[in-house]
Amino acid sequence: MKKALKTSAEGRKCRFPHCTQILSIYNHKPYCRVHWDQIPQKQKTIISAAKV
Ligand SMILES: [Zn+2]
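Counting starts from 1 at the beginning of each chain's written sequence and moves along it residue by residue. Local features in this predicted model are restricted to residues of pLDDT 70 or higher, and side-chain atom pairs are both shown and tallied only at a pLDDT of 80 or more, whereas totals for entire chains, interfaces and linings draw on every residue. Only hydrogens and water are removed before side-chain values are computed, so all heavy atoms of the structure are retained for them.

Chemist: Which residues make up the overall build of the protein chain, and what values do they have?
Modeler: Numbered from the N terminus, helices here are DSSP runs of H or I no shorter than four residues, and strands are runs of E no shorter than two. When helices and strands are counted, the protein chain shows two helices and zero strands. Categorising residues by exposure relies on relative accessible area from a 1.4 Å probe, with only protein chains included: less than 20% of the type maximum marks a residue as buried, more than 50% marks it as exposed, and the intermediate range marks it as partly exposed. In the protein chain, which comprises 52 residues, the proportion classed as buried is 25%. Should any heavy atoms of two residues lie within 4.5 Å, those residues are considered in contact. For the protein chain, the proportion of contacts with a sequence separation of at least 24, taken over those separated by at least 6, is 4%. Here the open area of atoms and residues is found with the Shrake-Rupley method and a 1.4 Å probe, where only the protein chains shown may cover a residue. With the model as given, the accessible surface of the protein chain reaches about 4,600 Å², and the carbon-plus-sulfur share is 55%.

Chemist: Explain the environment of Cys-14 to me, and be specific about the residues and the numbers.
Modeler: Mapped onto the secondary structure, Cys-14 falls in the segment before α1 (33-36). Residue classification places Cys-14 among the buried positions, given a relative accessible area of 6%. For the pair Cys-14 and Val-34, spaced 20 residues apart in sequence, the C-alpha separation works out to 9.7 Å. Setting aside anything within four residues of it in sequence, one finds Cys-14 in contact with Cys-19, Gln-21, Leu-23, Pro-30, Tyr-31, Cys-32 and His-35.

Chemist: Please give an account of unusual backbone geometry that cites residues and values.
Modeler: In this structure, His-18 is a non-glycine residue whose phi angle is positive, near 70°. We classify His-18 as exposed; its relative accessible area is 82%.

Chemist: Account for the coordination of the zinc ion, with residues named and values stated.
Modeler: Coordination sphere of the zinc ion, protein contribution only: Cys-14 (SG), Cys-19 (SG), Cys-32 (SG) and His-35 (ND1), at 1.8 to 2.4 Å. Donor atoms: N, O and S within 2.8 Å of the metal, or within 3.2 Å for Na, K and Ca. Because water is excluded, sites can look incomplete. A site with four donors is called tetrahedral when every donor-metal-donor angle falls between 85 and 135 degrees; four donors are called square planar, and six octahedral, when opposite donors sit more than 155 degrees apart and all other angles fall between 65 and 115; any other arrangement is irregular. Around the zinc ion sit four donor atoms, and with donor-metal-donor angles ranging over 102 to 117° the site reads as tetrahedral. Sequence spacing of the donor residues for the zinc ion, all on one chain, is C-x4-C-x12-C-x2-H. Of this pair, Cys-19 sits in the segment before α1 while Cys-32 sits in the segment before α1, and the two are 13 residues apart along the sequence. Taken individually, Cys-19 and Cys-32 each receive the classification buried, so the pair is uniform in this respect.

As structure tokens, this is what we get:
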């Protein structure tokens, strides 16, 4: 049986300006953990809806 782990593309960088943090393939968000905590909830909702 194959394990169907849901992962994102490798080598993605955080979208926060000037942030060079490489995102984990297991992190499906467009921001690193630090900046994800900083962006407004309203923006998170938009990002989640768009399924980047
Ligand atoms: Zn970042």
